[in-house]
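# Coordinate analysis (summary)
Residues per chain are reported as follows:
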Amino acid sequence: MLVGRFGVMIPALALGARSPPRGRPRSVGTFRTDNPMFIGLVVGVILIIGGLTFFPAVSLGPIVEQLSHGKFF
């Protein structure tokens, strides 16, 4: 499994490291990644995705518990 995973990653990273970095000039639509707004957006997306991962278990838990007791209402 390790060979299958890293056997693809290592050549891809080596190929990407060989090419020179190309800079693009800043424009009105450039989203800066060195300010607090970017950090807040990243943390917010991580929390939302993490919350949506656990939402089905949290919402279905009480329903399954009621069904296991033999009554729903």
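Small disclaimer: the values here were computed from a predicted structure and weren't measured.

### Side note on the overall build of the protein
For the protein, the helix and strand inventory stands at two helices and zero strands. Taking 2.2 N^0.38 as the reference for a compact globule, 73 residues should give roughly 11 Å; the C-alpha atoms of the protein span a radius of gyration of 23 Å, well beyond that estimate. Viewed in the frame of its principal axes, the protein has a C-alpha envelope of about 65 × 40 × 15 Å. Evaluated residue by residue, the protein yields a buried proportion of 0% over its 73 residues. Put simply, the protein shows about 7,100 Å² of open surface, and 73% of that area lies on carbon and sulfur atoms.

### Structural notes on helix 2 (residues 36-68)
In a regular helix each residue adds 1.5 Å, so 33 residues correspond to 48 Å; helix 2 covers 48 Å between its end C-alpha atoms and thus fits that length. Helix geometry: helix 2 is bent most strongly at Phe54, by close to 40 degrees, with proline Pro56 lying one to four residues after it. One or two steps after helix 2, the chain reaches Gly70, where phi turns positive at roughly 90 degrees.

### Describing the pattern of salt bridges
Applying the stated rule across the entire model yields one salt bridge. The partner of Arg32 in a salt bridge is Asp34, with the nearest N and O atoms 3.0 Å apart. Look at Asp34 and you get exposed, because its relative accessible area is 54%.

### Description of a nonpolar patch on the surface
Taken together, the side chains of Leu2, Phe6, Met9, Ile10 and Leu13 define a hydrophobic patch exposed on the protein surface, amounting to about 530 Å² of accessible area. Mapped onto the secondary structure, Leu2 falls in helix 1 (residues 2-18).

### Section: the environment of Phe31
Positionally, Phe31 belongs in the loop between helix 1 and helix 2. Separated by 19 residues in sequence, Phe31 and Gly50 place their C-alpha atoms 24 Å apart. With sequence-adjacent residues up to four places away left out, Phe31 is seen in contact with Met37, Phe38 and Leu41.

### Notes on helix 1
Across its 17 residues, helix 1 extends 24 Å between first and last C-alpha, which sits within 8% of the 24 Å expected from 1.5 Å per residue. Burial of helix 1 is sparse: only zero of the 17 residues sit out of reach of the surface.

Calculation criteria
- Residues numbered from 1 in each chain as written.
- Predicted model: local features only at pLDDT ≥ 70, side-chain atom pairs only at ≥ 80, totals over all residues.
- Heavy atoms only, no water.
- Helix = DSSP H or I, 4+ residues; strand = E, 2+ residues; numbered from the N terminus.
- Rg over C-alpha atoms; globule rule 2.2 N^0.38 Å.
- Buried < 20%, exposed > 50% of the residue type's maximum accessible area, 1.4 Å probe, protein only.
- Areas by Shrake-Rupley, 256 points an atom, 1.4 Å probe, with all protein chains shown as cover.
- Expected span 1.5 Å × (residues − 1).
- Bend = angle between axes of the 7 residues up to and from the residue.
- Salt bridge = Lys/Arg side-chain N within 4 Å of Asp/Glu carboxyl O.
- Patch = residues over 30% accessible without salt bridge, like charges linked within 9 Å, V, L, I, M, F, W, Y side chains within 5 Å.
- Contact = heavy atoms within 4.5 Å.

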